[in-house]
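Structural features, examined
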Amino acid sequence: AQKITQTQPGMFVQEKEAVTLDCTYDTSDQSYGLFWYKQPSSGEMIFLIYQGSYDEQNATEGRYSLNFQKARKSANLVISASQLGDSAMYFCAMREVDAGGTSYGKLTFGQGTILTVHP
Amino acid sequence: NAGVTQTPKFQVLKTGQSMTLQCAQDMNHNSMYWYRQDPGMGLRLIYYSASEGTTDKGEVPNGYNVSRLNKREFSLRLESAAPSQTSVYFCASRGRGELFFGEGSRLTVL
């Protein structure tokens, strides 16, 4: 079973509007971390935002916020005031702990959502 | 700031040839990783090194070997390349929590 599911292969948004990219995850751990990365057409992976499973507040970084709903196991990325430069592939990822209680930082990625911002 | 540097950025191989992807980080990170990215499948972990002197298999290790040469360098070797290994390969190192990625290496196996 997939551990990270991004159900939107592609999303379109008008410049200056807000957009939500969906991410659901599957884990039985109590301690885990959720990440969002941006991959523009140039190919590099850019870290955007992080949410820890014990964080009480939703994470925010500038125009990015993470709508974390623990009971629903969802960690949606919200981009406010979209810009043309936001057009990219976006990946949700999760860090779990191993059976030994460590994770060594390994991330499991979703399949990604391609966001296109229209002028 | 160089961050994570991968070489080469592009490579074309014939089936059965071998090659090594090099990765170096200058951020003094302990943990390093190799991922591959295929269309529609996100990034999948090939191997990782939690610290200098240790390496472990990830989700898709078959057909690959790795060497953690020192704290800075983590190489990925294809001993006998196959068309199924055509992919974009990313090296990464771990900061406080997030991973820092190199720019990727596009490998084509004919």
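Okay, so let's go over this structure.

Analysis parameters
- Residues numbered from 1 in each chain as written.
- Chains lettered and ligands numbered in written order.
- Predicted model: local features only at pLDDT ≥ 70, side-chain atom pairs only at ≥ 80, totals over all residues.
- Heavy atoms only, no water.
- Contact = heavy atoms within 4.5 Å.
- Salt bridge = Lys/Arg side-chain N within 4 Å of Asp/Glu carboxyl O.
- Helix = DSSP H or I, 4+ residues; strand = E, 2+ residues; numbered from the N terminus.
- Nonpolar A, V, L, I, M, F, W, Y, C, P; charged D, E, K, R; others polar.
- Disulfide = S-S within 2.5 Å.
- Buried < 20%, exposed > 50% of the residue type's maximum accessible area, 1.4 Å probe, protein only.
- Phe/Tyr/Trp six-rings, centres within 6.5 Å; stacked < 30°, edge-to-face > 60°.
- Lys NZ or Arg CZ within 6 Å of the ring centre and 35° of its normal.

If you look at the interface, chain A gives 16 residues, while chain B gives 18 residues. Seen at the junction of chain A and chain B, the total is zero salt bridges. Going through the elements one at a time, strand E5 (33-39), strand E10 (88-95) and strand E11 (107-109) of chain A are the ones with two or more residues in the side of chain A that touches chain B. With three residues, the single largest contributor to the side of chain A that touches chain B is E5 of chain A. Per-class residue counts for the side of chain A that touches chain B are eight nonpolar, five polar and three charged.

Throughout the structure, instances matching the rule amount to two disulfides over all chains. Here Cys23 of chain A pairs with Cys92 of chain A through a disulfide, and the sulfurs are 2.0 Å apart. Measuring handedness by torsion sign, the sulfur bridge of Cys23 of chain A and Cys92 of chain A sits at about -65 degrees and is left-handed. Here Cys23 of chain A is found in the loop between strand E3 (19-21) and strand E4 (24-25), whereas its partner Cys92 of chain A is found in strand E10, with 69 residues between them in sequence. For Cys23 of chain A, a relative accessible area of 0% gives the class buried. Its relative accessible area of 0% is what places Cys92 of chain A among the buried residues. A sulfur-sulfur separation of 1.8 Å characterises the disulfide bridge that pairs Cys23 of chain B with Cys91 of chain B. Here the S-S torsion is close to -75 degrees, and the disulfide linking Cys23 of chain B with Cys91 of chain B is therefore left-handed. A residue pair is termed long-range when its members are at least 10 positions apart, and Cys23 of chain B in strand E3 (residues 19-25) and Cys91 of chain B in strand E9 (residues 87-94) qualify at 68 residues. Accessibility expressed as a relative area gives 3% for Cys23 of chain B, which makes it buried.

Attention now moves to the packing of aromatic side chains. Two aromatic rings are characterised by how far apart their centres lie and by the angle between their planes. Inspection of every chain in the model, using the stated rule, returns 13 aromatic pairs over all chains. Measuring from ring centre to ring centre gives 6.3 Å for Phe91 of chain A and Phe109 of chain A, while their planes differ by 85 degrees; the resulting arrangement is edge-to-face. Here Phe91 of chain A is found in strand E10, whereas its partner Phe109 of chain A is found in strand E11, with 18 residues between them in sequence. Take Phe91 of chain A and Phe109 of chain A: they sit in the same class, and that class is buried. Aromatic pair Phe90 of chain B and Phe101 of chain B: ring centres 6.1 Å apart, planes at 85 degrees, arrangement edge-to-face. Within this pair, whereas Phe90 of chain B is found in strand E9, its partner Phe101 of chain B is found in strand E10 (residues 99-101), the two being separated by eleven residues in sequence. When sorted by exposure, Phe90 of chain B lands in the same class as Phe101 of chain B, which is buried. Every member of this aromatic cluster is reached through a ring pair, and the members are Phe35, Tyr37, Phe47, Tyr50, Phe91 and Phe109 of chain A together with Tyr35, Phe90 and Phe101 of chain B. Across from the ring centre of Tyr64 of chain A, 5.7 Å away, lies the NZ or CZ of Arg63 of chain A, which sits over that ring.

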